[in-house]
2 protein chains.
Amino acid sequence: MSKPDIARLQTIVGPEHVKHDPADLYVYGSDSSVHRAMPDAVVRPGKVEEVQELLRYANESRIPVVPRGSGSGMCGQVVPIQGGIVLDTKRMNRILEINLADVYCRVEPGVIDDDLNKALKPHGVFYPATPASSRIATIGGEIANNASGVRSVKYGATRESVLGMKVVLADGSLVTLGARTRVEASGYQLERLFVGSEGTLGVLVEATLSFVRIPKYRAMGMVLFDSLDDAGEAIAAVMGKGVALSMLELVDSVAIRAVNTAMDLGLPEVDAILLVEADGMVKEAVEYEVEAARELCEKHGGKLTQLSYDPAERARIFLGRKKLFPALSKFSDTMVSTALADDMAVPYSRMAETARKIHEIAERNGVVMTAYGHCGSGCMHTKILMDTASSESWEGAQRAVAEIYEYVRSVGGTTSAEHGIGISKADAFKREKADSLDLMRAVKRAFDPNNILNPQKLFDAPRGWLTATDLRYVASR
Amino acid sequence: MSKPDIARLQTIVGPEHVKHDPADLYVYGSDSSVHRAMPDAVVRPGKVEEVQELLRYANESRIPVVPRGSGSGMCGQVVPIQGGIVLDTKRMNRILEINLADVYCRVEPGVIDDDLNKALKPHGVFYPATPASSRIATIGGEIANNASGVRSVKYGATRESVLGMKVVLADGSLVTLGARTRVEASGYQLERLFVGSEGTLGVLVEATLSFVRIPKYRAMGMVLFDSLDDAGEAIAAVMGKGVALSMLELVDSVAIRAVNTAMDLGLPEVDAILLVEADGMVKEAVEYEVEAARELCEKHGGKLTQLSYDPAERARIFLGRKKLFPALSKFSDTMVSTALADDMAVPYSRMAETARKIHEIAERNGVVMTAYGHCGSGCMHTKILMDTASSESWEGAQRAVAEIYEYVRSVGGTTSAEHGIGISKADAFKREKADSLDLMRAVKRAFDPNNILNPQKLFDAPRGWLTATDLRYVASR
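Quick caveat: nothing in here was measured; it's all calculated off a predicted structure. (Residues numbered from 1 in each chain as written. Chains lettered and ligands numbered in written order. Predicted model: local features only at pLDDT ≥ 70, side-chain atom pairs only at ≥ 80, totals over all residues. Heavy atoms only, no water.)

### Re the overall build of chain A
Phase 1 of the analysis: Each helix and strand counted, chain A has 17 helices and 23 strands in total.
Phase 2 of the analysis: Its C-alpha atoms give chain A a radius of gyration of 22 Å, within 12% of the compact-globule value 23 Å for 477 residues.
Phase 3 of the analysis: Based on the C-alpha atoms only, the size of chain A along its principal axes is roughly 65 × 60 × 40 Å.
Phase 4 of the analysis: Across the 477 residues of chain A, 67% fall into the buried class.
Phase 5 of the analysis: Counted over contacts in chain A with a minimum sequence separation of 6, partners at least 24 positions apart contribute 73%.
Phase 6 of the analysis: Both charge centroids of chain A, one from 56 positive and one from 62 negative side chains, sit 2 Å from each other. (Helix = DSSP H or I, 4+ residues; strand = E, 2+ residues; numbered from the N terminus. Rg over C-alpha atoms; globule rule 2.2 N^0.38 Å. Buried < 20%, exposed > 50% of the residue type's maximum accessible area, 1.4 Å probe, protein only. Contact = heavy atoms within 4.5 Å. Lys, Arg positive; Asp, Glu negative; His and termini not counted. Charge placed at Lys NZ, Arg CZ, Asp CG, Glu CD.)

Quick look at the structure:
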C-alpha cells in the first residue's frame, strides 16, 4: 500500500479540505472503540465528482481509503488500520428531496440523523431506524453499520428503510442501486448488500430512504421485576404473542445502580426493569398493546408502573435508559466503560439466560458488566467496566469477551445486533460466519479488486483485537 | 456446457427421482411465461446432501443447473435455456420448526406458501409476503423472486420476512447466511443478496422466516371512480398521508369488463375501482384507517361502497380482483392473455398516468392491455391480450412492451415489482440497470465461477425475448 500525495489530494478537493498535520490525523485516528491508528491524510470532499476522482487516484496508486461519518462507531470500523486516506463525508450533508406523495427522501451521506428527522417532522413523518447516537451519527454511517435502535422492534433496522442508493465504487465509477418504490424485484439487490458493509464495498454518496407517519399517541411505562429470569420470560412471552410494542428495553441491576449513582434518578433498585412503549393513531389501539404487555409481564411477576401518554413524563421515564451509556462511565473512579462485546443479538427466549451468563462471566474474569438493550429486537447490549491501566483487567476482559461470544453462538445468537464488526468483533465474527467468510471475501474482491476500501476489517481484520491496533486506553504492559 | 449422465444422477438421488423421457422434460421446459426450452434431465433431490452432490457433479462437469419450485414464475426464470438439469425442489417440503417464542420458522424450499400459512394459523400468526399464486408457489421460488402480494403495502415483500437461510453453492459447499434474530449487523448480508437472485447464485435448501400476528379485525371496501386519474390521485394522497392500509388494489376498466364478461360478478363498470383493506387488533384503529382512506378518496371523487368486516363478504368483494388473472384468459375467443410487461413498480404519484399510458400504448400497437395491481406498494400489473397466432400481434406486443418500459424508466419506476426478470424482462432490465450490470456479473462470477447456475438469465439473458427461447404460443411466422 502507498501513501497519498497531499498536493494531489488538495487539487481534487481544494487545499482547505485536506488535513495532514499530526493533531488532526490523531483525531481522525480513532472512533468510539478502543482502537487507534494514524491516517496519512484526511480529505473532506464536497461533491460526488470529487469522491470519484479521489477513488480513481487511490485505486490507481493503491492507497487505502476509509470512508467516515461522525466516528461514533464502537468497533473500530473507521480506524485506518493501514493508514492512507480517511474520507470524511460530513461536508456532503444536504437533504436533496423530501417526496411526501411517493414516500421517500434522498439524502447525502453526511446528513445527521437528527437533522433528517427535524426536516421530516413538519410533514408529520419520521425516519425510524434511529440509533441512540442520532444526535451525531450520519446516515452514511448508519447504513454502513445497518444501525438500529429503540424503535426497531416495530419499524425495523436501517436495512428496512433503505430503498436505494448511489455509490462510488473503488474504480471511481458511480452506480445507482435499488429503486424509489416500496417493492422491487429487478435483479440482485446490491443496495441491501451495501447496508452493513462497513465501507468495504464502495463510498455511499446518496441514499433513498422511506419514512413513516408519526403516531398521535405514545404510551410508555416501566415494568419492575424482582428477578432477571422473570423479565426474560416476559420478553419471550410478549414477543411470542406478537404484542406490537414500539419499544421494549431491558435494564439490568448493574445498569440501574450505575444510573442511580451517576444521576440520582431514583430508579427502583430491582433486579431488572423493562421499559415498554406502544404507539398508534388511535388511543384504544395503544391501550390494547400496553394492556397485552402488562398482562403477560404480570403473569411473569412484573409490575407495570408510571404508565404515561405525556411526552415530558415519557422522557423522564426514558431518561435512565438514555443516560445509561454516559452513566456507566461514572460508575467508579477506577473503571472505564469500554465498548467490548457491546452488542449481540440472541433469540428472545434466551435473553434472561444471556444476561445472567454475562454477569457470571464478568465476575469470573474480574470485570464488571451490564446487560441492557433493545430486547424487543433481540439486541443485548453490554459494556465492560474495567481498570484500563491494568494488564490483568485487559486479560480478564479478553477472556470474558471470548466466553460471551462463544455462549451467544451456542444459543443461536449473532455477534452483532447493530454496532457492526469492525476490528473489535472480528474474532467472534470469523468463528460465527466461518462457512461464509470465503464468499464474503469473493464479494469483496468483485467490488474492490485492489482492496483499497477500508482494508483489514471484518473477515480481513487481524486476529486479536488487543494487538490489532494501538489502543486508546493505555495498559501498564 | 455438457449434458448430464443420467446414470450418475440416478446414483445420487435414486432412479425414481430422475426424469428424462421427453414428455416429462417437455413439462419441465416451461413455466408461466411465454418461453420454452428442453432440459436434459429433471432431478428431484430429497435432502441437502443430495443437492450438494448434484452441484459438485454439475460444477465439475460444467452442466447447467436450474433450480425450480412450482414453475409459477412469469418471466421464464426456470426455463432451462441452455438445457442441463432442472433441479425440482418440491420433495424438500418439510416445515422444520415453528418457534413462537423466538418468532421465526424454518422451512425447506419446496414448502407451498399456503401450506406454511395453514401450519402457522393455529398459532395465531401468518407469513405475510404471500403472492397471488400462494396455492402453488413454493417458499424457495418466492425467495428467488423476492415475491410480494396484496398485503405487502403493510407487511413488506419477501425480503422483509427472510431472516436467514442455508444455501448450497455451485461447488457443492453448504453455507448458513443471516441469523434467527430480528436484527443483525454481522458482516455482509448475503441472505438479502440471495433474495431475488433467481437461482443464479446458489440453491436454497432452508429458509428462516419471520411471521406476524393475525389481526382480529379486517375491513374491506370498494372505492368507485369515474376517472382513472382521480383514482391515481387518491392513491398518492392515501400513501402520502401514511394511511396504514393492509391492501390497496387498483382495477381498471378493461379488467372490470374482463371479470364481468368471464364471471358475471356485476362489478360496477366505472373507470377504476380501488379495493381498500385495513386490519388490526382493535376495531377503532381499523375504522380510523378506513375513515382516513375514505376521506382522501372522496376528496378525489371516489365513492366508498360495500365496506364490510365480515369474512365472507370481504371474500366476495375481493373475488373480482382474485379472479382477474383467469378472467383475462376468457376476455375474448381470439385473444390469449400473456405475461408480458406484466409487473412494474412506479412512484405513487405516477400510478394513474402509468395506467393511462399503458392503455394508450396498447391501442397504438393493436393489443389490449389492462392495468391493475398492488398500487399500495407501487406495483402495477398488466397483461397483454393478443392473437398469439398472428405475427402482427407479436410485433405489436414487442413494440408495446418496449414503449411501456421506456416510460416506466422515465418516471423513476423499475422494471419489476415482484415477478422478477428471467428472460422476458431482460432487455428492459439491462437498460434500467445499465450502470450496475458489470457489478452484478462480478458478483455472479464470485459465487459461480463456472456459470452453471441458471445461466443466461437476468444480465446474461440473450437480447430479444421473442427469439431468446422457443415460445409456448405459436405465431404464424
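### A word on the interface of chain B and chain A
Phase 1 of the analysis: Taken together, the contact between chain B and chain A spans 85 residues of the former and 86 residues of the latter.
Phase 2 of the analysis: Here chain B packs against chain A, burying approximately 6600 Å² in sum over the two surfaces, 57% of which is carbon and sulfur.
Phase 3 of the analysis: Of all residues in chain B, Arg159(B), Arg182(B) and Tyr188(B) give up the largest surface area on contact with chain A, accounting jointly for 14% of the area buried on that side.
Phase 4 of the analysis: Taken together, the connections running from chain B to chain A amount to eight salt bridges.
Phase 5 of the analysis: With its nearest N and O atoms 3.3 Å apart, the salt bridge here joins Arg192(A) to Glu160(B).
Phase 6 of the analysis: Contributions of two or more residues to the side of chain B that touches chain A are made by α6 (152–155), β10 (174–178), α7 (190–194), α8 (228–240), α10 (283–299), α15 (426–432) and α16 (437–447) of chain B.
Phase 7 of the analysis: No other element matches the seven residues that α16(B) contributes to the side of chain B that touches chain A.
Phase 8 of the analysis: Class assignment for the residues of the side of chain B that touches chain A results in 41 nonpolar, 25 polar and 19 charged. (Buried area = accessible area lost by both parts, 1.4 Å probe. Salt bridge = Lys/Arg side-chain N within 4 Å of Asp/Glu carboxyl O. Nonpolar A, V, L, I, M, F, W, Y, C, P; charged D, E, K, R; others polar.)

### Looking at the packing of helix α13 (residues 351–364) of chain B against helix α14 (residues 391–410) of chain B
Residues and elements named next belong to chain B.
Phase 1 of the analysis: At a closest axis distance of 9 Å, the pairing of α13 and α14 adopts a crossing angle of 155 degrees. In terms of axis orientation, α13 runs roughly antiparallel to α14. α13 and α14 meet at a crossing whose hand is right-handed. Counted together, Glu353, Thr354, Lys357, Ile358, Ile361 and Arg364 of α13 and Ala400, Glu403, Ile404 and Tyr407 of α14 form the full contact between these two elements.
Phase 2 of the analysis: Looking at side-chain class alone, the contact of α13 with α14 contains five nonpolar, one polar and four charged residues. (Axes fitted to C-alpha atoms, helices over the stretch in contact; angles between N-to-C directions. Parallel < 35°, antiparallel > 145°, perpendicular 65-115°, else oblique. Left-handed = near helix turned anticlockwise from the far one by under 90°.)

### Examining the packing of aromatic side chains
Phase 1 of the analysis: Evaluation of the coordinates by the stated rule reveals eight aromatic pairs over all chains.
Phase 2 of the analysis: With a centroid separation of 6.0 Å and an interplanar angle of 50 degrees, the aromatic rings of Trp394(B) and Trp465(B) are classed as tilted. On the criterion of sequence distance, the pair formed by Trp394(B) in helix α14 and Trp465(B) in helix α17 (residues 465–468) is long-range, its members being 71 residues apart. For the pair Trp394(B) and Trp465(B), a shared accessibility class is recorded, and that class is buried.
Phase 3 of the analysis: The ring of Tyr309(A) carries the charged tip of Lys283(A) above its face, separated from the ring centre by 4.6 Å.
Phase 4 of the analysis: A cation over a ring is seen here: Arg218(B) above Phe126(B), with NZ or CZ 5.5 Å from the ring centre. (Phe/Tyr/Trp six-rings, centres within 6.5 Å; stacked < 30°, edge-to-face > 60°. Lys NZ or Arg CZ within 6 Å of the ring centre and 35° of its normal.)

### A few points about α13(B)
Residue and element names in this part refer to chain B.
Phase 1 of the analysis: Taking 1.5 Å of rise per residue, 14 residues should cover 20 Å, and α13 covers 20 Å from first to last C-alpha, within 8% of that figure.
Phase 2 of the analysis: Every buried residue belonging to α13 is among Met351, Ala352, Thr354, Ala355, Ile358, Ile361 and Ala362, and all of these are buried.
Phase 3 of the analysis: Turning to α13, the residues buried within the fold contact α8, β18 (343–345), β19 (368–369), β21 (379–381) and α14.
Phase 4 of the analysis: In the stretch just after α13, Gly366 is the one whose phi turns positive, near 70 degrees. (Expected span 1.5 Å × (residues − 1).)

### Remarks on the relation of the copies chain B and chain A
Phase 1 of the analysis: Note on the identical chains: chain B maps onto chain A by a rotation of 180 degrees and an axial translation of 0.0 Å, with an RMSD of 0.0 Å. Given the turn and translation reported, the copies of this chain are related as if by a two-fold rotation axis.
Phase 2 of the analysis: When you check the interface residues of chain B against chain A, 100% turn up at the interface there too, and the contact is symmetric in its surfaces. (Least-squares fit on C-alpha atoms with pLDDT ≥ 70 in both.)

All quantities given are derived from atomic positions and should not be read as evidence of function.
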